[in-house]
Amino acid sequence: MAYTTLQPQAGGFLSRLGFGNKARKKPAAAEEMKRVQFTSPVLPYLFLFPQLAVIIIFFYWPSVQALSSSFYIEDPFGFGSTFVGLSNYTDVIFSSEYQSIALFTAVFTLLVTFLSLSIGLLLAVKADRIIRGASTYKTLLIAIYAIAAPVSGLIGMMIFDQHVGPFVKMMSFFGWHMQVGLNYYDTAFAMTVVAVWKQIPYNFIFFLSGLQNVPVSVREAAMIDCRSGLRRFWTVILPLLAPTAFFLLTINVTYALFDTFGIIDVMVKDKPANNPVTLVYKVYADGFRGNDIGGSSAQSVILMIVVFVLTIFQFRFIERRVHYN
Amino acid sequence: MYRAKFSDHLILILGSLFLCMPVVVAFMTSTHTAADIHSNGLSLAWGDNFIATYEKVLTQKGGFTGDITGARMVMNSLILGIGFAVGKIVLSMMAAYAIVYFRFPMATLSFWVIFTTLLLPLEVRIMPSYQVMSDLGLLNTYTGLIVPLLASATGTFYFRQFFKSVPEELLEAARIDGAGPFKFFIDILVPISRTMIAAIFIIMFVYGWNQYLWPMMMTTDESFFTLMRGIKSILQVWVGSNIPDYNEAFALAVLAMLPPVAIVVIFQSWFIKGLTESDK
């Protein structure tokens, strides 16, 4: 057990201060605790109050509302609502439009995650090897990271613009006449490129800092044991990077599912009809523009479940990482 | 020692080119006139319309009501970015202080109540959040723009991690010297958290400045538009126009990315430290 050493050492000095009897805690709770703490009937609540108030009003209240309104159909003119049980869910799940959007979201998420992780890793490995200039690359890439999703969507839209886009012009030499915004697959391609572009720097930063944490002694030992650079990478470096990679995996999936909203909204320009969109965009479009509160809430709840499963996955990984260390 | 090969540099250079080129193109193109861009395409060369374009974007009144300028949008984005970062730091430092340094019955419960917010990003509960805001009459207010974004535990967790790493001896010594909870917090804990506060400020400022979906839903009154919201409306004007104002759109994009990029590049060591060491 990795955390047993963190357990408070009860007795001695502490019991003399009067903390001893309370300092003995279960290991899981002990990790949260300091050995020495204040006790006060009011103060901790005073300190917690602002954060808790904001969370209850703007997190729990809307979440509960999403859950409850997913079981109702709201009257379009605001005259009450009717309980319909699970029919919002079944309507959503069995609609072919929803299914195709879900399929696109899955493919998009897989592609974006895979491409941005692998390119980020490749660049990080290369930057880790060079001694001079690594910080220049880091600066360049971190600058890209700070750009907002809708801004990168706008830039991407220009690069893929019908009239002025350089990429479109370049591709027309090869006989590919891209019509981003009109052709489903061309738009999907452009979206994926922009989404990957935006996420590479993040992965790069994490992989590079992971690589630089690999101890010199391990590297030197690996150098002696194994001549082939590629094999050294697969057998020594990559396993050491595994925790970083797992962490990034969930971050990237979350990114592709949710944070790409800005890119997609800018690139489809309010015309989602023939264009690929993700599930989050659909929640927004149905609820905010289509005024289908019940359906949109049901979709929200479905997404909540997806996120929940992802989080559980991440926790299992964190647990595993504790064992590694 | 491993010696960097030519191919290593080549891959890095190509990679950085792929990543940086679009930004350079966006900036350079913004210095040309719209007609020029329409006939010659995007450009890598410096045009001579830089001052005219940016002056127009910053000062010309646009939008449907005609009273929103680029400068106003920059100000709104700043209010959102700074307000969000400061609010986040104050709320989460206080909450983390209570959780780490106090022993009280509801500690575990409060911890989980805050922790659960990490499970659901704002995007999945966007509609009900909007309804709550409209019930509270907070649409088109700065409060409505900033406060709901604070309902997440990220900051609390950064500070909790940090406070847990603060040596115990500090509190023991402070108690022996007779410091109470307030004095310890303000005179000792806040000063030693300086670097952490700076790192979180940068991360949160960039996050707030770059918000898109929430400002888009919350603000219909143009005097509350942020730059991100402005990008959306400049695109809506495009539909149906013959020669879109490419230069103005690019200039707006450059304005929108300049502050976060500048801050992150200048303070990059803090930024990376804040990002990678706290592990969310």
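Values in this document were obtained by computation on a predicted structure and should not be read as measured data.

Whenever I open this one, the overall build of chain A confuses me. Can you help?
For chain A, the count of helices and strands is 15 helices and 2 strands. Across the 325 residues of chain A, 38% fall into the buried class. For chain A, contacts bridging at least 24 residues in sequence account for 65% of all contacts bridging at least 6.

What is the right way to read the overall build of chain B from this model?
Scanning chain B from N- to C-terminus turns up 15 helices and 0 strands. Dimensions of chain B, computed from C-alpha atoms along their principal axes, come out at roughly 75 × 65 × 30 Å. Going through the 280 residues of chain B one by one, you find that 45% of them count as buried. Counting contacts in chain B only where the partners sit at least 6 residues apart, residues at least 24 apart contribute 73% of the total.

Please explain the environment of Thr 53 of chain B as it appears in this structure.
All names here are of chain B. Residue placement: Thr 53 occurs in helix H3 (residues 50-59). Considered as a pair, Thr 53 and Phe 184 are 131 residues apart in the sequence and their alpha carbons are 53 Å apart. The contact partners of Thr 53, leaving out residues within four places of it in the chain, are Ser 30, Thr 31, Asn 247, Glu 248 and Ala 251.

I keep staring at the packing of helix H4 (residues 43-69) of chain A against helix H4 (residues 70-101) of chain B and nothing clicks. Help me out?
For any two helices packed against each other, one specifies the inter-axial angle together with the distance between the axes. Running from N to C, H4 of chain A and H4 of chain B cross one another at 135°; their axes reach a closest spacing of 8 Å. By the angle class used here, H4 of chain A and H4 of chain B are oblique. For the element pair H4 of chain A and H4 of chain B, the recorded crossing hand is left-handed. Between H4 of chain A, through Pro 44, Phe 47, Leu 48, Pro 50, Gln 51 and Val 54 of chain A, and H4 of chain B, the contact on the second element is made entirely by Leu 91, Ser 92, Met 94, Ala 95, Tyr 97 and Ala 98 of chain B.

Help me out: how do you make sense of the environment of Gly 208 of chain B in this one?
Following the sequence through the fold, Gly 208 of chain B ends up in helix H11 (residues 194-209). Taking C-alpha positions, Gly 208 of chain B is 13 Å from Met 75 of chain B, a pair spaced 133 residues apart along the chain.

Would you take a moment to explain the confidence of the model for chain A for this structure?
Residues shown with low pLDDT carry predicted positions that ought not to be read at fine detail. Scored by pLDDT, chain A has a mean of 80; 84% of the residues are at 70 or more. When the elements of chain A are averaged for pLDDT, helix H1 (residues 13-17) of chain A gives the smallest value, 31, and helix H6 (residues 96-129) of chain A the largest, 92.

Looking at this structure, I do not really get the nonpolar core. What am I missing?
Side chains of nonpolar character tend, in soluble globular proteins, to be buried together. Within the largest apolar cluster, 149 residues are counted, with the highest numbers of intra-cluster contacts made by Ile 231, Leu 252, Ala 253, Ala 256 and Val 264 of chain B. The contact partners of Ile 231 of chain B, leaving out residues within four places of it in the chain, are Pro 150, Val 151, Leu 154 and Val 266 of chain A together with Leu 252, Ala 253 and Ala 256 of chain B.

Would you explain the interface of chain A and chain B in this entry?
Interfaces are often sized by the accessible area lost when the parts come together. The partner chain B presents 79 residues to the 81 residues of chain A that form the contact. Looking at which element gives the most residues to the side of chain A that touches chain B, the answer is H4 of chain A, with 17 residues. Across the side of chain A that touches chain B, the residue classes break down as 56 nonpolar, 16 polar and 9 charged.

What is the right way to look at helix H13 (residues 261-268) of chain A in this model?
Residues separated by three or four positions in an α-helix point in the same direction, a consequence of the helix having 3.6 residues per turn. Residue and element names in this part refer to chain A. Most of H13 is tucked away: 8 of the 8 residues are buried. If you check which residues of H13 are buried, you get Phe 261, Gly 262, Ile 263, Ile 264, Asp 265, Val 266, Met 267 and Val 268. Backbone geometry just after H13 places Lys 269 at a positive phi near 45°.

Would you take a moment to explain the UniProt feature "transmembrane region" (unreviewed entry) in chain B for this structure?
Residues and elements named next belong to chain B. Residues annotated by UniProt as "transmembrane region" (unreviewed entry) correspond here to residues 78-102, 109-130, 142-163, 184-209 and 249-272. Taken end to end, residues 78-102 is 96% helix and 0% strand, and its two terminal C-alpha atoms sit 35 Å from one another. For residues 109-130, the end-to-end C-alpha separation is 27 Å, with 55% helix and 0% strand making up the annotated structure.

Help me understand unusual backbone geometry, please; the structure alone is not making it clear to me.
Residues and elements named next belong to chain B. Phi at Asn 140 is positive, roughly 55°, even though this residue is not glycine. Structurally, Asn 140 is set in the loop between helix H6 (126-135) and helix H7 (142-146). Its 15 C-beta neighbours within 10 Å are what place Asn 140 among the partly exposed residues.

Quick question: what am I supposed to make of the packing of helix H8 (residues 149-159) of chain A against helix H1 (residues 6-29) of chain B here?
Where H8 of chain A meets H1 of chain B, the closest approach of the two axes is 10 Å, and the angle between their N-to-C directions is 80°. By the angle class used here, H8 of chain A and H1 of chain B are roughly perpendicular. Contacts between H8 of chain A and H1 of chain B involve Ile 155, Met 158 and Ile 159 of chain A from the former and Pro 22, Val 23 and Ala 26 of chain B from the latter. Here the contact of H8 of chain A with H1 of chain B is composed, by residue class, of 6 nonpolar, no polar and no charged.

Would you explain the environment of Glu 97 of chain A in this entry?
Residues and elements named next belong to chain A. Tracing the backbone shows Glu 97 in helix H6. Taking the number of C-beta atoms within 10 Å as the measure of exposure, Glu 97 has 9 and is therefore exposed. Each C-alpha atom, one on Glu 97 and one on Ile 144, is 34 Å from the other, the two residues being 47 residues apart in sequence.

Looking at this structure, how should I read the confidence of the model for chain B?
Residues at a pLDDT of 70 or more form 92% of chain B, whose mean pLDDT is 85. Here the predicted complex scores 0.85 on pTM and 0.86 on ipTM.

Parameters and conventions
Every chain's residues receive numbers from 1 upward, in the order its sequence appears when written. The naming scheme follows written order: chains are lettered A onward, ligands numbered 1 onward. Per-residue local features of the predicted model are confined to residues with pLDDT of at least 70, and side-chain atom pairs are confined, for both listing and counting, to 80 or more; whole-chain, interface and lining totals are unaffected and use all residues. In this description a helix means any DSSP run of H or I spanning at least four residues, a strand means any run of E spanning at least two, and both kinds are numbered starting from the N terminus. To assign burial, the other C-beta atoms lying within 10 Å of each residue's own C-beta are counted, with C-beta atoms placed from the backbone; 20 or more indicates buried, 12 or fewer indicates exposed, and intermediate counts indicate partly exposed. What counts as a contact here is a pair of residues whose C-beta atoms, placed from the backbone, lie within 7 Å. Axis lines are fitted to C-alpha atoms, over the contacting stretch for helices. Their N-to-C directions set the angle, which ranges from 0 to 180 degrees. By the definition adopted for this analysis, an angle is roughly parallel if under 35 degrees, roughly antiparallel if over 145, roughly perpendicular if from 65 to 115, and oblique otherwise. Each crossing gets its handedness from the near helix: less than a right angle anticlockwise from the far helix is left-handed, clockwise is right-handed. Along the chain, pLDDT gives the predictor's confidence residue by residue, from 0 to 100. By our criterion, buried Ala, Val, Leu, Ile, Met, Phe, Trp, Tyr and Cys residues that link up through C-beta atoms within 7 Å make up a nonpolar core. For this classification, Asp, Glu, Lys and Arg are treated as charged, while Ala, Val, Leu, Ile, Met, Phe, Trp, Tyr, Cys and Pro are nonpolar and the rest, including Gly, are polar. UniProt positions are given in the numbering used here, feature names are shortened, and annotations may be inferred rather than shown by experiment.

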